[in-house]
Amino acid sequence: MKKRQLGPCITFFPQPTTLIATCNAAGDVNLMTASWVGIVSKTPPTLAVALHQQRQTYENLLATGCFTVNLVPASLVVEADFCGLKSGRDTDKPASSGLTLEPATKVATPLVAESPLNVECRVVGEHHLGDYRLVLGEILEIHATDAAFDAEGRMDARAFDPLVYLGGIREYWSLGEKRGDAYRDGIRLFGDKTGQ
Ligand SMILES: Cc1cc2nc3c(=O)[nH]c(=O)nc-3n(C[C@H](O)[C@H](O)[C@H](O)COP(=O)(O)O)c2cc1C
């Protein structure tokens, strides 16, 4: 495969598209689109999000010590893009986006009702990277849409229909076809026990 060198940059994908919900000290809710989000530990379950230090979201998160991460389904591409263009400093994004908020169970920050997967986090750490702050959130609860479960409790990814962000080329995509099951299909797909 012939390749081009892109140099040190941020072209790397896929990334999830999420909405981070936070509150300021007065309880006003803000929503911000974030794709630099991922699971970083299983025990304790921990998620990391990288935020520019000037985001209203970062200020809120420092003030209250909690946040929620709400997975964006492909049907909410317009709302997600809007929450990634406007700042809570001058726009009431929950009101203008038309999204609905509902109470979380373990933190004071609300969830986005239209999101099929919501994660409640408490801030447990922070690492400074230039203008960015890598914030670590311990996962206290996860809410997954009932529509994703079959009678045996297995989850079907189609119910989540995650909006995928291609960082560096700024495009939104949705998922394609299922190609296998991790671990189980490692044996079938590769003929040995190295699947991981
Ligand atoms: C698809 C997408 C993903 C984004 N991901 C991030 C991110 O991970 N971290 C970040 O600091 N800003 C990210 N942004 C930019 C913020 O969403 C944007 O600056 C927003 O206006 C900040 O809102 P706030 O000031 O209300 O917190 C993203 C924007 C888009 C459109």
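See the structure printed just above.
The present account deals with the structure reproduced in this document. This structure is a prediction, so every number in the text was calculated from the model and none was measured.

1. Comments concerning the overall build of the protein chain
Then, in step 1: When helices and strands are tallied, the protein chain shows four helices and twelve strands.
Then, in step 2: In terms of overall size, the protein chain behaves like a compact globule, its C-alpha atoms giving a radius of gyration of 18 Å where 196 residues would be expected to give roughly 16 Å.
Then, in step 3: Judged by the C-alpha coordinates and their principal axes, the protein chain covers about 60 × 50 × 35 Å.
Then, in step 4: Put simply, the protein chain has 196 residues, and 30% of those count as buried.
Then, in step 5: Within the protein chain, counting contacts between residues at least 6 apart in sequence, those at least 24 apart form 60% of the total.

2. Some details on the site of the ligand
Then, in step 1: Close to the ligand lie 20 residues, the nearest being Trp36, Thr57, Gly84, Ser87 and Gly88.
Then, in step 2: Ranked by the residues each element gives to the shell around the ligand, the list is headed by strand 3 (residues 29–34), at four residues.
Then, in step 3: Broken down by class, the residue content of the shell around the ligand amounts to six nonpolar, ten polar and four charged.

3. Re helix 1 (residues 56–64)
Note that an α-helix has 3.6 residues per turn; residues three or four places apart therefore point the same way.
Then, in step 1: Buried within helix 1 are the following residues: Gln56, Thr57, Tyr58, Asn60 and Leu61.
Then, in step 2: Once helix 1 ends, the next one or two residues include Gly65, with phi positive near 75°.

4. Some details on the sheet that holds strand 4 (residues 37–41)
Then, in step 1: Pairing in this open sheet of seven strands is antiparallel, and the strands run 3-2-6-9-10-5-4 from one edge to the other. The open sheet has two edge strands with one neighbour each: strand 3 and strand 4. Pairs of neighbouring strands in the sheet enclose a mean axial angle of 35°, with direction left out of account.
Then, in step 2: For strand 2 (residues 18–23) and strand 3, the ladder comprises six bridges, and the chain directions are antiparallel. Residue Leu19 lies in a different strand from strand 3, and its bridge partner there is Thr33.
Then, in step 3: Against the sheet, helix 1 makes contact with strand 2, strand 3, strand 5 (46–52), strand 6 (66–71), strand 9 (117–129) and strand 10 (132–144), and its axis sits at roughly 50° relative to strand 2, the strand it touches most.

Basis of the calculations
Residues numbered from 1 in each chain as written. Predicted model: local features only at pLDDT ≥ 70, side-chain atom pairs only at ≥ 80, totals over all residues. Helix = DSSP H or I, 4+ residues; strand = E, 2+ residues; numbered from the N terminus. Rg over C-alpha atoms; globule rule 2.2 N^0.38 Å. Buried ≥ 20, exposed ≤ 12 C-beta atoms within 10 Å, placed from the backbone. Contact = placed C-beta atoms within 7 Å. Near = placed C-beta within 6 Å. Nonpolar A, V, L, I, M, F, W, Y, C, P; charged D, E, K, R; others polar. Pairing = 2+ DSSP bridges. Axes fitted to C-alpha atoms, helices over the stretch in contact; angles between N-to-C directions.

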